[in-house]
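Commentary on secondary and tertiary structure
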Amino acid sequence: MRRARPAERLAAAALALAAAGTPAHAGTGAPHAAALYARHCARCHGADRLGGMGPALVPGALGRLTRERAARVIRDGRPLTQMPAFGARLGEAEIAALAAFVFTPPAEPPRWDLAAIRRSHRVLARPSELPARPVHRADPMNLFVVVELGDHHVTVLDGDRFEPIARFPTHRALHGGPKFSPDGRFVYFASRDGWISKYDLWGLRYVAEVRAGINTRNIAVSHDGRFVAVANYLPQTLVILSAADLSPLRLIEVRDAAGERASRVSAVYTAPPRGSFVAALKDVPEMWEIPYLPDAPPVYRGPMHDWRADSGEPPAVESGPFPVRRIPLDEVLDDFFFDPGYRFVVGAARGGGARVISLVTGAEVRRLPIEGLPHLGSGISWVRGGRRVLATPNLRRGAISVIDMERWEVVAEIPTLGPGFFLRSHARSPYLWADVFFGPNRDAMHVIDKRTLRIVRTLRPAPGKTSAHVEFTRDGRYALVSVWDMDGAIVVYDARTLEEVTRIPMRKPSGKYNVWNKTHYEEGTSH
C-alpha cells in the first residue's frame, strides 16, 4: 500500500493543505478563491475538490469543521502531518477566502460512481503471495487491532504478552471500527474519506484498497466472508465490494421509496442469522435490509403471506443480487442495537427515546421513553436474573439505561459522573465497564456489577485525560482501556482484581478490537 498520506489525515489538515503555496493575488485586491484553489490546492485535492493525495474539500466531507477552525489550521498548520503553517506566506484575506471556498458547494453535486471506484482499486498482494501460516508467534485469535488516531497508524498487539508485533500507517481518520473476516485472518478498515483497506493479520501486510466514497461512515462484512458493504454520507450511496480483493460489485443510490429524496447512510450492519446487511438512513424514515445469500427469497414491498412463485401473491419488487427491502418507519432512526437472534433492532429517535422494530415483520414493537440520546450502537446485553437485558450509555445524560429485552421496558437507570460513549463487558466477567466520555469527569471509568447494577469502583487511568473504549482479552481475564491523548496509552487491568497490570504508550488510541471477541460475537462487545 502506498505510504499513507499523513497529509490526508484529518479533515482539518486537508483544509490546511488547501492553502499551500504562495499568494495568487498578492497586491491585487480581494483574492479570487477559485484561482487560489486551482493554483495551490488542486494538485493534492483534485480540480473537482473530490480528493487525490489529500481528502475531498467539499461541504459534505468536512464533518464538524467550522470556517474559523479551518482558517486557524491554514494559518498555523497541523502537528504530526505534512501540513505546515502558512500564516507567514498567505495574507489573512487569502486564508479566509480559501476557508470559505471549501465550504461552498460545487456547481455540480459531487459524484463518485462505479467507474471512479474501479479506477481507485488496487490489489497490493495476490493470494499466492500471502503466507500459509502466521509470520508471528502470537495467538491469531487473541490479537488486538488498535487504532491510533493521533498519527493515523494501527498497532497489532499480542493479547497474551501485551507486546506490539506490527505498526503501520493508515488512511486518514479511520472510522466506524475495523471489521474482520469470519476466520479472523483479515481485517478491513474504512477511513472518513472513503478508502477501504484490507490487511492480512498473518502476513502483516496490506492486501487491497479501494475508494468507495467521498465521505464514508462505516463498513460491514458478511458473515460468510464474501462481501463488504460500505455506508456513505457523500455521495448518498451504499456500495457492495468483494471481500476477496475489494473490487466493486454494486453501487446503490439511496433514495426514498418514491425516488424523490436522497439520504445519507448513517451506518451499515451485518445480521448473520438473516444473511443480510441492515442499513440505517440519516434523512428518510426507512430502514433497509439487503440480503446477500444466493438462495435468499425475493424482496417484496409490504408484508407477504407466501413468497413462493405459485402463491398468487403480487410479483417481487426487486430480485437479483443485493435486492433492497425497505422497512418504512414513522421517523428517522439510527445508531442500531440488535438482539442476539437479530429478530429485533432498537434505534435511537431524534425526537427522543428509542424504538424497537421487528426485522421479521417490519412493524414497530415498542417505544422506549429514554431521556437524552441513548447511544445504542455501543450497547451490550447479558442475562440477569434469568432475563436478557440491554444496557446503553447516553450521549447527553449521566445515566446508563437498562432494558428488559423480553418485555422491552426500561427497568433501571444507573447514575454516572457524566454522559458516556462506550460500554463493554465479557461473558466471563461480572462487571460492566462504562466510560464518562464527556465533561469534567472524562478521565473516569466506572466498573459496574452486572447483577446489582451498582458501581463498585471508579478508575482514573490517567487523571485529566480522557479514558474510553474498553476491550477484553479472548478469555476475559484482562480489560484494556484507551487513554485518548497524543501521549496516550493502552492500560491493561486485571478484570477481576481491577488492578493495573501494564500500560503501552500509544498516540491517541481511539479503539482496540479483539479478533476472537469480534468474530465470535462475544456478548460483552458491540457489533
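Computed from a predicted model, the values in this text were never measured in an experiment.

1. Re the overall build of the protein chain
Secondary structure summary: the protein chain contains 7 helices and 33 strands in total. Classification of the 527 residues of the protein chain by burial places 57% in the buried group. Long-range contacts, defined as pairs at least 24 residues apart, comprise 51% of the intrachain contacts of the protein chain with a sequence gap of at least 6.

2. Things to note about the sheet that holds strand S4 (residues 163-169)
Pairing is antiparallel across the open sheet formed by 4 strands, whose spatial order is S4-S3-S2-S33. Each edge of the open sheet carries a strand with a single partner, namely S4 and strand S33 (509-514). Within the sheet, the average angular offset between the axes of one strand and its neighbour, ignoring direction, is 20°. Summarising the sheet, strand S3 (residues 153-158) and S4 pair through 6 bridges and their orientation is antiparallel. Residue pairing in the sheet places Leu-157 in a bridge with Pro-164 of S4.

3. Some remarks on the packing of aromatic side chains
As enumerated under the stated definition, the model contains 21 aromatic pairs in all. Ring geometry for Phe-421 and Phe-438: centres 6.2 Å apart, planes at 55°, overall tilted. A residue pair is termed long-range when its members are at least 10 positions apart, and Phe-421 in the loop between strand S24 (409-415) and strand S25 (423-424) and Phe-438 in the loop between strand S26 (431-435) and strand S27 (445-449) qualify at 17 residues. Centroid distance Phe-437 to Phe-438: 5.0 Å. Interplanar angle 70°. Geometry classified as edge-to-face. An aromatic cluster of at least three residues, connected via ring pairs, comprises Phe-421, Phe-422, Phe-437, Phe-438 and Trp-484. Lying over the aromatic face of Trp-112, Arg-211 brings its terminal NZ or CZ to 5.1 Å of the ring centre.

4. Some points on the packing of helix H4 (residues 67-76) against helix H5 (residues 92-102)
Contact pair H4 / H5: the axes reach a minimum separation of 9 Å and the direction vectors enclose 130°. When the interaxial angle is binned, H4 and H5 end up oblique. As for how H4 packs across H5, the hand of that crossing is right-handed. Together, Arg-67, Ala-70, Ala-71, Ile-74 and Arg-75 of H4 and Glu-92, Ile-95, Leu-98, Ala-99 and Ala-100 of H5 make up the contact between the two elements. Among the residues making up the contact of H4 with H5, the classes are represented as 7 nonpolar, no polar and 3 charged.

5. As for helix H2 (residues 33-40)
Turning to H2, its buried residues are Ala-33, Leu-36, Tyr-37 and His-40. Projected onto a plane normal to the axis of H2, the buried residues spread over an arc of 95° and lie on a single side. Seen from the buried face of H2, the exposed residues on the opposite side, beyond 90 degrees, are Ala-38 and Arg-39.

6. Structural notes on the pattern of salt bridges
Scanning all chains against the criterion turns up 29 salt bridges. Across the pair Arg-343 and Asp-339 runs a salt bridge, and its minimum N-O distance is 3.7 Å. It is possible to trace a salt-bridge network through shared partners that takes in Arg-387, Asp-404, Glu-406, Arg-407 and Glu-409.

7. Description of the environment of Thr-216
Topologically, Thr-216 is positioned in strand S9 (residues 215-221). A relative accessible area of 0% places Thr-216 in the buried class. A sequence separation of 24 residues divides Thr-216 from Arg-192, and the C-alpha atoms of the two residues are 4.9 Å apart. Those residues in contact with Thr-216, other than ones at most four positions away along the chain, are His-175, Ala-190, Ser-191, Arg-192, Gly-194, Ile-196, Val-230, Ala-231 and Asn-232. For Thr-216, the side chain forms a polar contact with the side chain of Asn-232, separated by 2.6 Å.

8. Some words on unusual backbone geometry
Residue Pro-235 follows Leu-234 across a cis peptide bond; omega there is -15°. As for its position among the elements, Pro-235 is in the loop between strand S10 (227-234) and strand S11 (237-242). Notably, Leu-204 is not glycine yet its phi reads approximately 55°, a positive angle. Locating Leu-204 in the fold gives a position in the loop between strand S7 (195-200) and strand S8 (205-211).

9. What to know about the side chain of Lys-450
Checked against the element boundaries, Lys-450 lands in the loop between S27 and strand S28 (455-459). Glu-523 is the oppositely charged side chain nearest to the buried, salt-bridge-free Lys-450, at an N-O distance of 4.7 Å. Looking at Lys-450, its side chain comes within polar contact range of the side chain of Ser-425, at 3.0 Å. Looking at Lys-450, its side chain comes within polar contact range of the main-chain oxygen of His-426, at 3.2 Å. Discounting chain neighbours no more than four positions away, the residues touching Lys-450 are Trp-382, Arg-384, Ser-425, His-426, Ser-429, Pro-430, Tyr-431 and Leu-432.

10. Structural notes on the nonpolar core
Soluble globular proteins: nonpolar side chains tend toward being buried together. Within the largest apolar cluster, 27 residues are counted, with the highest numbers of intra-cluster contacts made by Tyr-188, Ile-196, Val-228, Val-230, Leu-241 and Leu-246. The set of elements that each furnish at least two residues to this core consists of helix H6 (114-120), strand S6 (186-190), S8, S9, S10 and S11. If sequence neighbours within four positions are ignored, Leu-241 has contacts with Ile-196, Val-210, Arg-226, Phe-227, Val-228, Val-230, Leu-246, Ser-247, Pro-248 and Leu-249. In terms of nonpolar packing, the next biggest core, distinct from the first, is built from 20 residues, Phe-86, Leu-90, Ala-97 and Phe-103 among them.

11. Side note on the environment of Ala-231
Structurally, the position occupied by Ala-231 is in strand S10. Separated by 35 residues in the primary sequence, Ala-231 and Ser-266 place their C-alpha atoms 6.8 Å from one another. Beyond its immediate sequence surroundings of up to four residues, Ala-231 is in contact with Thr-216, Arg-217, Asn-218, Thr-237, Leu-238, Val-265, Ala-267 and Val-268.

12. Considering the pairing of strand S21 (residues 380-384)
Summarising the sheet, S21 and strand S22 (residues 387-392) pair through 5 bridges and their orientation is antiparallel. Within the sheet, the bridge partner assigned to Ser-381 lies in S22 and is Leu-390. Here S21 hands over to S22 after 2 residues, with Gly-385 in that stretch at a positive phi of 60°.

13. Observations regarding the sheet that holds strand S20 (residues 364-368)
Here we have 4 strands laid out as an open sheet, ordered S17-S18-S19-S20, and antiparallel in their pairing. The open sheet is flanked by strand S17 (333-338) and S20, the only strands paired with a single partner. If you compare each strand with its neighbour and ignore which way they point, the axes differ by 25° on average. Relative to S20, strand S19 (residues 354-358) runs antiparallel, the two being bridged by 4 bridges. Within S20, the position partnered with Arg-355 by the bridge is Arg-367.

Rules of the game
Residues numbered from 1 in each chain as written. Predicted model: local features only at pLDDT ≥ 70, side-chain atom pairs only at ≥ 80, totals over all residues. Heavy atoms only, no water. Helix = DSSP H or I, 4+ residues; strand = E, 2+ residues; numbered from the N terminus. Buried < 20%, exposed > 50% of the residue type's maximum accessible area, 1.4 Å probe, protein only. Contact = heavy atoms within 4.5 Å. Pairing = 2+ DSSP bridges. Axes fitted to C-alpha atoms, helices over the stretch in contact; angles between N-to-C directions. Phe/Tyr/Trp six-rings, centres within 6.5 Å; stacked < 30°, edge-to-face > 60°. Lys NZ or Arg CZ within 6 Å of the ring centre and 35° of its normal. Parallel < 35°, antiparallel > 145°, perpendicular 65-115°, else oblique. Left-handed = near helix turned anticlockwise from the far one by under 90°. Nonpolar A, V, L, I, M, F, W, Y, C, P; charged D, E, K, R; others polar. Arc of directions from axis to C-beta. Salt bridge = Lys/Arg side-chain N within 4 Å of Asp/Glu carboxyl O. Polar contact = N/O pair within 3.5 Å; in protein donor to acceptor, adjacent residues only side chain to side chain. Lys, Arg positive; Asp, Glu negative; His and termini not counted. Core = buried A, V, L, I, M, F, W, Y, C linked by side-chain atoms within 4.5 Å.

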